[in-house]
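Letter by letter, the chains look like this.
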Amino acid sequence: MSASSPAPGAFETLREQYARRLPASLDELAGPAAGTVELPLHVVWSGRRSYGLSQARSRMSLYRTVLTEGQRQDLTAFLDRDLLIAQWPVLRTLISRPLRDAWEIRFPELRPGGATAA
């Protein structure tokens, strides 16, 4: 790193870490849209691991956990594209700004006022 370029801040570093895990397309999110999801220990190592998708709070908690803690294979295995898009307006307020920005930069359709094609 040269003296003329400042070191990236914690925000940028964290956003880049999240961005490296993202799928290339929202269409890769092929997780279940119904039923119960049991998360593996590497995603949630303590506390609740089972989530019912028919209950809004449970589904929101699942998505928040997977977005925050999951790796790319977890994102594609446990998140459903249409459910993510439908929940995003509220979900984006429950996650960190670096995580939210990583998703909204990669997928402009998630931005407020963005195109949300079904």
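These numbers were taken from a predicted model, which means no experiment stands behind them.

Reading the values: the criteria
- Residues numbered from 1 in each chain as written.
- Predicted model: local features only at pLDDT ≥ 70, side-chain atom pairs only at ≥ 80, totals over all residues.
- Heavy atoms only, no water.
- Core = buried A, V, L, I, M, F, W, Y, C linked by side-chain atoms within 4.5 Å.
- Buried < 20%, exposed > 50% of the residue type's maximum accessible area, 1.4 Å probe, protein only.
- Helix = DSSP H or I, 4+ residues; strand = E, 2+ residues; numbered from the N terminus.
- Contact = heavy atoms within 4.5 Å.
- Phe/Tyr/Trp six-rings, centres within 6.5 Å; stacked < 30°, edge-to-face > 60°.
- Polar contact = N/O pair within 3.5 Å; in protein donor to acceptor, adjacent residues only side chain to side chain.
- Salt bridge = Lys/Arg side-chain N within 4 Å of Asp/Glu carboxyl O.

Undergrad: I would appreciate a short explanation of the nonpolar core in the present structure.
TA: Counting residues in hydrophobic clusters, the biggest one holds 30 residues, and the most contacted among them are Leu39, Leu67, Leu84 and Trp103. Of all elements in the fold, only α1 (10-21), α2 (56-69), α3 (72-78), α4 (81-91) and α5 (97-106) reach the threshold of two or more residues within this core. Apart from the residues lying within four places of it in its own chain, the contact partners of Trp103 are Leu22, Pro23, Leu26, Leu29, Leu67, Leu75, Leu79, Leu84, Trp88 and Leu110.

Undergrad: Hey, could you run me through the packing of aromatic side chains in this one?
TA: The geometry of two aromatic rings is summed up by the distance between their centres and the angle between their planes. Per the stated rule, a full pass over the model turns up two aromatic pairs. Centroid distance Trp88 to Trp103: 6.2 Å. Interplanar angle 40 degrees. Geometry classified as tilted. Here the residue Trp88 occupies a position in helix α4, and Trp103 occupies one in helix α5, the gap between them amounting to 15 residues. Exposure class is identical for Trp88 and Trp103. Each is buried. Each ring, one from Trp103 and one from Phe107, has its centre 5.5 Å from the other, and the planes form 45 degrees; the classification is tilted. Phe107 carries the same exposure label as Trp103, and that label is buried.

Undergrad: What should I look at first to understand the side chain of Glu104 in this one?
TA: When you line up the elements, Glu104 lands in helix α5. A residue is classified by how much of its surface remains accessible, and Glu104, at 7% relative accessible area, is buried. Polar side-chain contacts of Glu104 include one of 2.8 Å to the side chain of Trp88. Leaving out residues up to four positions away in the same chain, Glu104 has contacts with Trp88, Arg92, Leu110, Arg111 and Pro112.

Undergrad: Explain the pattern of salt bridges here, please?
TA: Two side chains carrying opposite charge are able to pair once their charged atoms lie near each other. Scanning all chains against the criterion turns up four salt bridges. The partner of Arg81 in a salt bridge is Asp82, with the nearest N and O atoms 2.6 Å apart. You can call Arg81 buried: its relative accessible area is 16%. Here Arg97 and Asp101 are joined by a salt bridge, their closest N and O atoms 3.7 Å apart. One end of the pair, Arg97, and the other, Asp101, are both in helix α5, four residues apart, so they sit about a helical turn from each other. A relative accessible area of 16% places Asp101 in the buried class. Through salt bridges with shared partners, one network takes in Asp27, Arg81 and Asp82.

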